[in-house]
Amino acid sequence: MLKFLSKVKIEFNALDPRLASCMEFLAQCNARKAKESNPSCQVQVKRRTDDFPPKITVTFVNGVEETFDATSTPAQHIRNLILEKGQYLETEQMFREAGEKWPVVIPDEELQQPFTGIKVMDFLPIVLGFVLIEFALC
């Protein structure tokens, strides 16, 4: 997860009962595997003393910053969003390195064309004991 990030900032009040997501996300960031994936990623923790709601701010390697409300967003959801965006960044980088335009734009006329590559198959179910296996007949 950290390999897509350059900075993580976690803010919470230690006495706030809504800090669970922050603590779980911090534990994920401090995991050995996460740290090894990007040792240069800065993980900052700001312990607050006011009533400010817990929040997590991440900065991606391309400089884009995103803030999550940690009171209503589970840590696993934040992690999944980071991984999705990271895969998008990897794809973008792969296209740029190959000299291709990004983002890929598909012309409307191509989107309206019928897809002729669909092959209809007949399925023959065969029952072996309690297991149903289907073989495709082309």
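Residues numbered from 1 in each chain as written. Predicted model: local features only at pLDDT ≥ 70, side-chain atom pairs only at ≥ 80, totals over all residues. Heavy atoms only, no water.

As recorded by an unreviewed UniProt entry, the protein carries the name Large ribosomal subunit protein mL53 and is attributed to Sesamum angolense. We quote the UniProt Subcellular location (unreviewed entry) comment for the protein here in full: "Mitochondrion". Per its UniProt entry, the protein bears the Sequence similarities (unreviewed entry) comment "Belongs to the mitochondrion-specific ribosomal protein mL53 family." (UniProt positions renumbered as here; feature names shortened; annotations may be inferred.)

*Asks:* How should the overall build of the protein be read in this particular structure?
*Replies:* The helix and strand inventory of the protein stands at four helices and six strands. Listing each helix as α and each strand as β along the protein from the N terminus yields β-α-α-β-β-β-α-α-β-β. Within the protein, the fraction of its 138 residues that count as buried is 27%. For the protein, contacts bridging at least 24 residues in sequence account for 61% of all contacts bridging at least 6. Summed over all atoms, the accessible surface of the protein reaches about 10,100 Å², with 56% contributed by carbon and sulfur. (Helix = DSSP H or I, 4+ residues; strand = E, 2+ residues; numbered from the N terminus. Buried < 20%, exposed > 50% of the residue type's maximum accessible area, 1.4 Å probe, protein only. Contact = heavy atoms within 4.5 Å. Areas by Shrake-Rupley, 256 points an atom, 1.4 Å probe, with all protein chains shown as cover.)

*Asks:* Can you walk me through the sheet that holds strand 2 (residues 42–48) in this structure?
*Replies:* The pairing of strands in a sheet happens through backbone hydrogen bonds and is either parallel or antiparallel. Pairing is mixed in the open sheet, where four strands are placed in the order 2-1-3-4. Two strands bound the open sheet, and with one partner strand each, they are strand 2 and strand 4 (65–69). Adjacent strand axes in the sheet meet at a mean angle of 15 degrees when their direction is disregarded. Pairing between strand 1 (residues 5–13) and strand 3 (residues 55–60): six bridges, direction antiparallel. Looking at the pairing, Lys7 lines up with Thr59 of strand 3. The strands touched by helix 3 (residues 75–97) within the sheet are strand 1, strand 3 and strand 4, with strand 3 carrying the most contacts at an inclination of about 10 degrees. (Pairing = 2+ DSSP bridges. Axes fitted to C-alpha atoms, helices over the stretch in contact; angles between N-to-C directions.)

*Asks:* I keep staring at the pairing of strand 1 and nothing clicks. Help me out?
*Replies:* Look at any regular strand and the pattern is simple: side chains alternate between the two faces of the sheet. Here strand 1 runs beside strand 2; their pairing, made up of seven bridges, is parallel. Its bridge partner lying in strand 2, Asn13 is registered against Arg48.

*Asks:* What is the right way to read the side chain of Glu11 from this model?
*Replies:* With respect to the helices and strands, Glu11 occurs in strand 1. Within the structure, Glu11 has its side chain in polar contact with the side chain of Arg48 (distance 2.6 Å). Ignoring anything within four residues of it in the chain, the contact list for Glu11 reads Cys22, Lys46, Arg48, Phe52, Pro54 and Lys55. (Polar contact = N/O pair within 3.5 Å; in protein donor to acceptor, adjacent residues only side chain to side chain.)

*Asks:* I tried to follow the packing of aromatic side chains on my own but got confused; where do I start?
*Replies:* To describe a pair of aromatic rings, you give the distance between the ring centres and the angle between the ring planes. Applying the stated criterion across every chain, the model contains two aromatic pairs. With 5.5 Å between their ring centres and 65 degrees between their planes, Tyr88 and Trp102 make a pair best called edge-to-face. One end of the pair, Tyr88, is in helix 3; the other, Trp102, is in the loop between helix 3 and helix 4 (108–111), with 14 residues separating them in the sequence. The exposure class of Tyr88 is partly exposed, given its relative accessible area of 45%. In this structure Trp102 comes out as buried when scored by relative accessible area, which is 17%. Aromatic pair Phe95 and Trp102: ring centres 5.1 Å apart, planes at 50 degrees, arrangement tilted. On the accessibility criterion, Phe95 (26% relative accessible area) is partly exposed. (Phe/Tyr/Trp six-rings, centres within 6.5 Å; stacked < 30°, edge-to-face > 60°.)

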